Amino acid sequence: MDSKKAYEDVQLIKEMLSKTKSRIRGSGKYFILWGYVVLAGILGTYLLSQWERLGGIWALWFSVMLTGSIVTVFFARSEKGRSRVVTLFDRIGAYLGMGFGISFFLATFAFPLLGIYDFSAIGPVTGMLAGTFLFILACVYEWKTLFAAALVWWLFSIGTAFLPHQGRAMAMIIPLILGYIIPGHILQRHESKEIEDEH
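Residues numbered from 1 in each chain as written. Predicted model: local features only at pLDDT ≥ 70, side-chain atom pairs only at ≥ 80, totals over all residues. Heavy atoms only, no water.

**Structural notes on the nonpolar core**
By size, the foremost hydrophobic cluster in this structure holds 39 residues, and its most contacted members are Phe 31, Leu 134, Leu 146 and Trp 153. Every element with two or more residues in this core is listed here: helix H2 (28-50), helix H3 (56-82), helix H4 (88-114), helix H5 (122-141), helix H6 (144-159) and helix H8 (173-198). Not counting chain neighbours up to four residues away, the residues in contact with Leu 146 comprise Phe 31, Leu 134, Leu 137, Ala 138 and Pro 183. (Core = buried A, V, L, I, M, F, W, Y, C linked by side-chain atoms within 4.5 Å. Buried < 20%, exposed > 50% of the residue type's maximum accessible area, 1.4 Å probe, protein only. Helix = DSSP H or I, 4+ residues; strand = E, 2+ residues; numbered from the N terminus. Contact = heavy atoms within 4.5 Å.)

So, in C-alpha cells, the structure goes:
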C-alpha cells in the first residue's frame with residue numbers, strides 16, 4: 001500500500017514538473033512582448049531627442065509601458081482560463097514578475113523624478129535589475145539560456161559607465177535583443193515543437 005502511494009506521489013511530481021516546463025516554454029511571449037515594448041520606447045526616445053521634443057519622452061514611455069502592461073494582463077488571463085492547476089513554480093514566476101515590474105517602475109520613473117539619482121543612471125540600474133531577474137528565473141527553472149542572458153545584462157550595466165550619456169539608451173538595444181527577444185523566440189520555438197510533437 002505504501003509503495004503504491006509513493007509511486008502515485010512520484011507520478012504527481014513528474015506531472016507537475018512537466019506542466020511547469022511546458023508553461024516556461026509558453027512564457028516566451030512575455031519576453032518578446034517586453035523586449036519589443038522597451039525597444040519601441042528606446043527608439044522613440046532617440047527620435048524625440050533628435051527632434052528636440054524632450055517633453056514627449058515621459059508620455060512616450062508611459063504609453064509603451066501601459067500598452068505592455070495591458071497586453072501582459074490579457075496574456076495572463078487567457079492562460080488562466082486554459083490551465084486549472086497552478087504549481088508553486090507558477091506562483092513564484094508570477095510574484096517575481098510583479099515584484100521586478102514594480103522595481104523597474106521605481107528605477108526608471110519614480111527615483112529619477114524624485115531626484116534620487118540622475119537620469120543617466122537609469123540604464124545601469126535597469127541592466128542590474130534585468131540581470132538579477134533573469135538570474136533568479138534561471139535558477140528556479142534551471143534554464144541555462146537565461147544564465148547567459150543575465151550575464152549580458154550585468155555586463156551592459158557595467159559597460160554603460162564607459163559610454164557617453166547620449167549613447168546609453170541606444171546601447172541598451174544590444175542586451176534587449178540578446179537578453180530578452182532572442183530567449184523569447186527560443187522559448188516560442190520550443191513551445192511550437194512541443195505542440196507539434198503532441199499532435
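**Some thoughts on a nonpolar patch on the surface**
A cluster of nonpolar side chains, contributed by Ile 174, Ile 177, Leu 178 and Ile 182, occupies part of the molecular surface with about 340 Å² of accessible area. The residue Leu 178 is located in helix H8 in this model. Owing to a relative accessible area of 43%, Leu 178 belongs among the partly exposed residues under this scheme. (Patch = residues over 30% accessible without salt bridge, like charges linked within 9 Å, V, L, I, M, F, W, Y side chains within 5 Å. Areas by Shrake-Rupley, 256 points an atom, 1.4 Å probe, with all protein chains shown as cover. Salt bridge = Lys/Arg side-chain N within 4 Å of Asp/Glu carboxyl O.)

**What to know about the environment of Phe 111**
Positionally, Phe 111 belongs in helix H4. By relative accessible area, Phe 111 is classed as partly exposed at 29%. Once the C-alpha coordinates of Phe 111 and Ile 122 are considered, the two residues, eleven residues apart in sequence, prove to be 9.1 Å apart. Sequence-distant contacts of Phe 111, defined by excluding residues within four places in its chain, comprise Leu 106, Ile 116 and Tyr 117.

**Some remarks on unusual backbone geometry**
Even without being a glycine, Glu 52 presents a positive backbone phi close to 60°. Position of Glu 52 among the secondary structure elements: in the loop between H2 and H3. For Glu 52, a relative accessible area of 71% translates into the label exposed.

**Let's talk about the packing of aromatic side chains**
For the structure on display, the rule yields 13 aromatic pairs. Ring geometry for Phe 31 against Trp 143: centres 5.8 Å apart, planes inclined by 85°, an arrangement best described as edge-to-face. Residue Phe 31 is found in helix H2, and its partner Trp 143 is found in the loop between H5 and H6; the two are separated by 112 residues along the sequence. Trp 143 shares its class with Phe 31; the two are buried. Grouped by ring-pair contacts, the aromatic residues Phe 31, Trp 143, Trp 153, Phe 156 and Tyr 180 constitute a single cluster. Sitting over the ring of Phe 75, Lys 29 keeps its end group 5.7 Å from the ring centre. (Phe/Tyr/Trp six-rings, centres within 6.5 Å; stacked < 30°, edge-to-face > 60°. Lys NZ or Arg CZ within 6 Å of the ring centre and 35° of its normal.)

**Side note on the environment of Leu 137**
With respect to the helices and strands, the residue Leu 137 is situated in helix H5. With relative accessibility at 8%, the residue Leu 137 sits in the buried group. Beyond its immediate sequence surroundings of up to four residues, Leu 137 is in contact with Phe 31, Leu 96, Glu 142 and Leu 146.

**Quick notes on the packing of H4 against H5**
Contact geometry for H4 and H5: axes closest at 10 Å, N-to-C directions at 175°. Judged on the interaxial angle alone, H5 and H4 are roughly antiparallel. From H4, Phe 89, Asp 90, Ile 92, Gly 93, Leu 96, Gly 97, Phe 100, Ser 103, Phe 104, Ala 107, Thr 108 and Pro 112 reach across to H5, where they touch Ile 122, Val 125, Thr 126, Leu 129, Ala 130, Thr 132, Phe 133, Ile 136, Leu 137, Val 140 and Tyr 141. For the contact of H4 with H5, a count of residues per class yields 16 nonpolar, six polar and one charged. (Axes fitted to C-alpha atoms, helices over the stretch in contact; angles between N-to-C directions. Parallel < 35°, antiparallel > 145°, perpendicular 65-115°, else oblique. Nonpolar A, V, L, I, M, F, W, Y, C, P; charged D, E, K, R; others polar.)

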